[in-house]
Amino acid sequence: MVTPDDIFRIADEAAFETAALEVFRRQAAACPPYREYLARIGIRPDEICTADAIPCLPIELFKTHDVYCGGGEPEAVFTSSATTGMSFSRHPMRSLGLYEQAFRASFRTFYGEQARWSLYALLPNYLRRKGSSLIYMADRLIADCGSGGFYLDDYDALLRAMRDDPKPKILLGVSYALWELAERYAPKLANTVVMETGGMKGYREEIPKAEFHKILCDAFGVGEIHSEYGMAELTSQAYSQGGNVFRCPAWMRVRARDVNDPFDLLPAGTRGGLNITDLASWWSCAFIQTQDVGRVAADGAFEIEGRIDHSDIRGCNLLVQ
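Everything quoted here is computed from the prediction, not taken from an experiment.

Asks: Even after reading the chapter, I still don't get the packing of helix H4 (residues 96–111) against helix H6 (residues 133–145), so can you show me in this structure?
Replies: For any two helices packed against each other, one specifies the inter-axial angle together with the distance between the axes. One can describe the packing of H4 onto H6 by two numbers: an axis separation of 11 Å at closest approach and a directional angle of 65°. Comparing the axis directions of H4 and H6 gives the class roughly perpendicular. Taken as a pair, H4 and H6 cross one another with a handedness that is right-handed. Listed contacts from H6 to Leu 96, Tyr 99, Glu 100, Phe 103, Arg 104 and Phe 107 of H4 are Ser 133, Leu 134, Tyr 136, Met 137, Arg 140, Leu 141 and Asp 144. Of the residues in the contact of H4 with H6, the class split is 8 nonpolar, 1 polar and 4 charged.

Asks: Just to check I follow, could you spell out the environment of Arg 271 for this structure?
Replies: Assignment of secondary structure puts Arg 271 in the loop between strand S12 (261–265) and strand S13 (272–278). Separated by 173 residues in sequence, Arg 271 and Leu 98 place their C-alpha atoms 33 Å apart. If we ignore the near neighbours within four places in the chain, the residues touching Arg 271 are Leu 266, Val 293, Gly 294, Arg 295 and Glu 305.

Asks: How should I be thinking about the side chain of Glu 233 in this particular structure?
Replies: Of note, Glu 233 is situated in the loop between strand S8 (226–229) and strand S9 (238–240). Lys 63 is the oppositely charged side chain nearest to the buried, salt-bridge-free Glu 233, at an N-O distance of 6.7 Å. There is a polar contact of 2.7 Å between the side chain of Glu 233 and the side chain of Ser 89.

Asks: What is the right way to look at the pairing of strand S15 (residues 302–307) in this model?
Replies: Each regular strand shows side chains that alternate between the opposite faces of the sheet. Pairing analysis gives 2 bridges linking strand S10 (residues 245–247) to S15, with the strands arranged antiparallel. Opposite Phe 246, over in S15, you have Phe 302 as the bridge partner. Pairing of strand S14 (residues 287–296) with S15 involves 5 bridges; the strand directions are antiparallel. Counted as the bridge partner of Val 293 is Gly 306 from S15.

Asks: Explain the environment of Asn 260 here, please?
Replies: Inspection of the secondary structure assignment puts Asn 260 in the loop between strand S11 (252–258) and S12. Judged by relative accessible area, Asn 260 falls into the partly exposed class, the value being 42%. Put simply, Asn 260 and Gly 273 are 13 residues apart on the chain and 9.2 Å apart in space, counted from C-alpha to C-alpha.

Asks: So what exactly am I meant to see when it comes to H6 here?
Replies: In an α-helix there are 3.6 residues to a turn, and that puts residues three or four apart on one side. Helix length check: H6 (13 residues) gives 18 Å between terminal C-alpha atoms against 18 Å at 1.5 Å per residue, within 8%. Within H6, burial applies to Ser 133, Leu 134, Ile 135, Tyr 136, Met 137, Ala 138, Leu 141, Ile 142 and Cys 145. With its phi angle positive at about 85°, Gly 146 sits one or two positions after the end of H6.

Asks: Hey, could you run me through unusual backbone geometry in this one?
Replies: As a rule of thumb, non-glycine residues mostly have phi less than zero, and peptide bonds are mostly trans rather than cis. A positive phi angle, close to 55°, is found at Asn 191, a residue other than glycine. For Asn 191, the position within the fold is in the loop between helix H8 (175–185) and strand S7 (192–197). The residue Asn 244 is not glycine, and still its phi comes out positive at about 60°. Looking at the element boundaries, Asn 244 is found in the loop between S9 and S10. Look at Asn 244 and you get buried, because its relative accessible area is 9%.

Asks: Quick question: what am I supposed to make of the state of the cysteines here?
Replies: Two cysteines, two sulfur atoms, one covalent bond between them: this is a disulfide. Overall, the coordinates contain 0 disulfides when judged by the stated rule. Cysteine Cys 69 remains unbridged, with the sulfur of Cys 31 as its closest cysteine sulfur at 5.1 Å.

Asks: Hey, could you run me through the pattern of salt bridges in this one?
Replies: It is possible for side chains bearing opposite charge to pair when their charged atoms get close. This model, assessed by the stated rule, comprises 18 salt bridges. Through salt bridges with shared partners, a single network forms among Glu 100, Arg 104, Asp 139, Arg 140 and Asp 144.

Asks: Would you mind going over the packing of H8 against helix H9 (residues 209–220) with me for this structure?
Replies: Between H8 and H9, whose axes approach to 9 Å, the crossing angle comes to 40°. As the angle between them shows, H8 and H9 are arranged oblique. For the pair H8 and H9, the crossing hand works out as left-handed. Facing H8, whose interface residues are Ser 175, Leu 178, Trp 179, Leu 181 and Ala 182, H9 presents Phe 212, Ile 215, Leu 216, Ala 219 and Phe 220. Residue composition of the contact of H8 with H9, grouped by class: 9 nonpolar, 1 polar and no charged.

Asks: Teacher, can you tell me more about the nonpolar core here?
Replies: Grouped burial of nonpolar side chains is what soluble globular proteins tend to show. Counting 53 residues, the largest nonpolar core has Leu 122, Leu 123, Leu 171 and Phe 220 as the members making the most contacts within it. Looking at this core, the element that brings in the most residues is H6, giving 8 residues. Not counting chain neighbours up to four residues away, the residues in contact with Leu 122 comprise Tyr 151, Leu 152, Tyr 155, Leu 158, Leu 171, Leu 172, Gly 173, Val 174, Ala 177, Leu 178 and Leu 181. With 50 residues, the next largest nonpolar core counts Leu 98, Tyr 229, Cys 285 and Ile 288 among its residues.

What counts, and where the lines are drawn
- Residues numbered from 1 in each chain as written.
- Predicted model: local features only at pLDDT ≥ 70, side-chain atom pairs only at ≥ 80, totals over all residues.
- Heavy atoms only, no water.
- Axes fitted to C-alpha atoms, helices over the stretch in contact; angles between N-to-C directions.
- Helix = DSSP H or I, 4+ residues; strand = E, 2+ residues; numbered from the N terminus.
- Parallel < 35°, antiparallel > 145°, perpendicular 65-115°, else oblique.
- Left-handed = near helix turned anticlockwise from the far one by under 90°.
- Contact = heavy atoms within 4.5 Å.
- Nonpolar A, V, L, I, M, F, W, Y, C, P; charged D, E, K, R; others polar.
- Buried < 20%, exposed > 50% of the residue type's maximum accessible area, 1.4 Å probe, protein only.
- Lys, Arg positive; Asp, Glu negative; His and termini not counted.
- Salt bridge = Lys/Arg side-chain N within 4 Å of Asp/Glu carboxyl O.
- Polar contact = N/O pair within 3.5 Å; in protein donor to acceptor, adjacent residues only side chain to side chain.
- Pairing = 2+ DSSP bridges.
- Expected span 1.5 Å × (residues − 1).
- Disulfide = S-S within 2.5 Å.
- Core = buried A, V, L, I, M, F, W, Y, C linked by side-chain atoms within 4.5 Å.

This is the structure:
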């Protein structure tokens, strides 16, 4: 029987396949919204024999249902950010310890041990609300690093602290705040990885990612912009170390689907909606249809190209009535 700890020991496709099918069968029985969704689309869990055949739950259902199979009360409930008038998603997290295990393992996969870094977090809109999984993650990673900190709007203090810090640094910032820092100061950041997350959040215009990254590279004097890809409805994170190409930890997979037929998976390199399998989402649902659009390469790396317009999504209303 696969345990949560086993998820982080996955080393090959055979182990992933075995774990994914076991997690699916348990969640298909124990997660009420997922169980009902499978019934409504006519899926018999005992007939699913491969990980690619596992149906993904539309992410919108985190806004209307408790997607949870943890039994007792969760230790925390993470919520998505939402603009005025929009509802937000809720992700009950039974075990914060499991969440910490997931984000620490993801970080180590791509950046090594935390203690070698200083982490500076420029996340103003997240700091102003409760229930952010990103703030929780950044807070624990800053503690693991032993240096760095959160900065709201005080760019002078941020740049002073980074200039005086001899360690390699990661500047993790929401996109619009990094853009403002670049425009106002254009500081040349030595020995620093600039990592964006979270998008413009309505504060700035959305522009093509390559154009935005060039603005940041020119202002900060760095060769590449890294990115963190995560969301309240997931437990794990993928990272891009340049070029908007993201890679997943071993217990996470991304596939592209037809935006007009959510059950039609697309060949490698084809543009489509992104499905994510995150086996660390042990107590909720590990199989998610996101609203992001992109392409997935044959080796599993993926690119984000934008969002699906809500009117284009079919199948997401099966439980929203």
